[in-house]
Amino acid sequence: MSSSIVETVDMKAPVAVSWALWSDVTQWPKFLSHVQRVDPLDERRFAWKLALPGVDKSFVAELTEVVAEDRIAWKTTEGVHHAGVVTFHRLDDESSRLTLQIEYDPQGFVEHLGALTNLDSVLANYDLGEFQRLAERTAAGGVF
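Residues numbered from 1 in each chain as written. Predicted model: local features only at pLDDT ≥ 70, side-chain atom pairs only at ≥ 80, totals over all residues. Heavy atoms only, no water.

Visitor: Pulling in residues and values, what's your account of the sheet that holds strand 6 (residues 82–92)?
Guide: Pairing is antiparallel across the open sheet formed by 7 strands, whose spatial order is 1-7-6-5-4-3-2. Looking at the sheet topology across the chains shown, the edges are occupied by strand 1 (3–11) and strand 2 (35–40). Neighbouring strand axes in the sheet, compared pairwise and without regard to direction, differ in orientation by 20 degrees on average. Pairing of strand 3 (residues 45–52) with strand 4 (residues 55–67), which is carried by 8 bridges, proceeds in the antiparallel orientation. From the neighbouring strand, Ala-47 faces strand 4, where its bridge partner is Val-60. Its contacts with the sheet place helix 1 (residues 15–22) against strand 1, strand 4, strand 5 (71–78), strand 6 and strand 7 (95–104), and it is angled at close to 155 degrees to strand 6. (Pairing = 2+ DSSP bridges. Helix = DSSP H or I, 4+ residues; strand = E, 2+ residues; numbered from the N terminus. Axes fitted to C-alpha atoms, helices over the stretch in contact; angles between N-to-C directions. Contact = heavy atoms within 4.5 Å.)

Here it is as structure tokens:
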């Protein structure tokens, strides 16, 4: 049984700022609460280490599409099975919208429970809120 998450966040930050933050893998642990680390393996593959409630996960994901300031898509090649895309939308000169879509196959009791209770969407929504705060601080002249 496959599950999907679709979450969107609007922010007072131009697309260039949100793109710069999201496209830099070293920034991910700052706004993705469950990500402990992301290590680049080459230009297109990354090793992820996650700490989720009740379970730790490691996997390798490969970028399948990168269009600057528009979209980043990926799929896993080792470990858990999921694929996703982040899209960046210009609202005006100072605002943007980011949409996150993930398709995944829950494994084990904890992940099935998360999918059934919508906890996975709550976590994604929380992480996008963290991203929004980081992007808005950066756009206002903060350092990321």
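Next comes the rest of the write-up.
Visitor: Can you lay out the side chain of His-34 for me, pointing to particular residues and giving the numbers?
Guide: Note that His-34 resides in the loop between helix 2 (28–31) and strand 2. Relative accessible area serves as the criterion here: at 17%, His-34 is assigned to the buried category. A polar contact of 3.0 Å, which involves the side chain of His-34, links it to the side chain of Asp-127. Beyond its immediate sequence surroundings of up to four residues, His-34 is in contact with Lys-49, Leu-50, Ala-51, Leu-52, Leu-123 and Asp-127. (Buried < 20%, exposed > 50% of the residue type's maximum accessible area, 1.4 Å probe, protein only. Polar contact = N/O pair within 3.5 Å; in protein donor to acceptor, adjacent residues only side chain to side chain.)

Visitor: Give a description of the packing of aromatic side chains that names residues and reports values.
Guide: Tallied over the entire structure, the rule returns 7 aromatic pairs. Taken together, a centroid distance of 4.9 Å and an interplanar angle of 40 degrees make the contact between Trp-22 and Phe-31 tilted. Site record: aromatic cluster; members linked through ring pairs are Trp-28, Phe-46, Trp-48 and Phe-59. (Phe/Tyr/Trp six-rings, centres within 6.5 Å; stacked < 30°, edge-to-face > 60°.)

Visitor: Break down the environment of Glu-62 for me, citing the residues and quoting the values.
Guide: Here Glu-62 shows up in strand 4. Expressed as a C-alpha distance, the spacing of Glu-62 and Leu-41, which sit 21 residues apart in the sequence, is 9.6 Å. Those residues in contact with Glu-62, other than ones at most four positions away along the chain, are Arg-44, Arg-45, Ala-73, Trp-74, Lys-75 and Thr-77.

Visitor: Any chance you could break down the pairing of strand 7 for me, citing the residues and the numbers?
Guide: Counting buried positions along strand 7 gives 7 out of 10 residues, so the element sits mostly inside the fold. Across 10 bridges, the pairing between strand 6 and strand 7 is antiparallel. Directly across from Thr-87, in strand 7, lies its bridge partner Thr-99. Linking strand 6 to strand 7, which pair antiparallel, is a turn of 2 residues.

Visitor: Outline the confidence of the model for the chain, listing residues and values.
Guide: Detailed reading of the predicted coordinates is not advisable wherever pLDDT falls low. Of all residues in the chain, 85% attain a pLDDT of 70 or more, and the chain-wide mean is 85. Highest mean pLDDT in the chain belongs to strand 6 (95); lowest belongs to helix 3 (residues 108–117) (44). Taken together, the stretch residues 109–117 has pLDDT below 50 and engages in 13 contacts with residues farther than four places along the chain or on a different chain. (pLDDT = per-residue confidence, 0-100.)

Visitor: A description of the pattern of salt bridges should follow, citing residues and the corresponding values.
Guide: In the structure shown here, the tally under the stated rule is 6 salt bridges. Close ionic contact of Asp-42 with Arg-45 constitutes a salt bridge, the shortest N to O distance being 2.9 Å. Given the relative accessible area of 37%, Asp-42 is considered partly exposed. Where Glu-130 meets Arg-133, a salt bridge forms, and the shortest distance between an N and an O atom there is 2.7 Å. Residue Glu-130 and its partner Arg-133 are both found in helix 4 (residues 119–139); the two are separated by 3 residues, about one turn of the helix. (Salt bridge = Lys/Arg side-chain N within 4 Å of Asp/Glu carboxyl O.)

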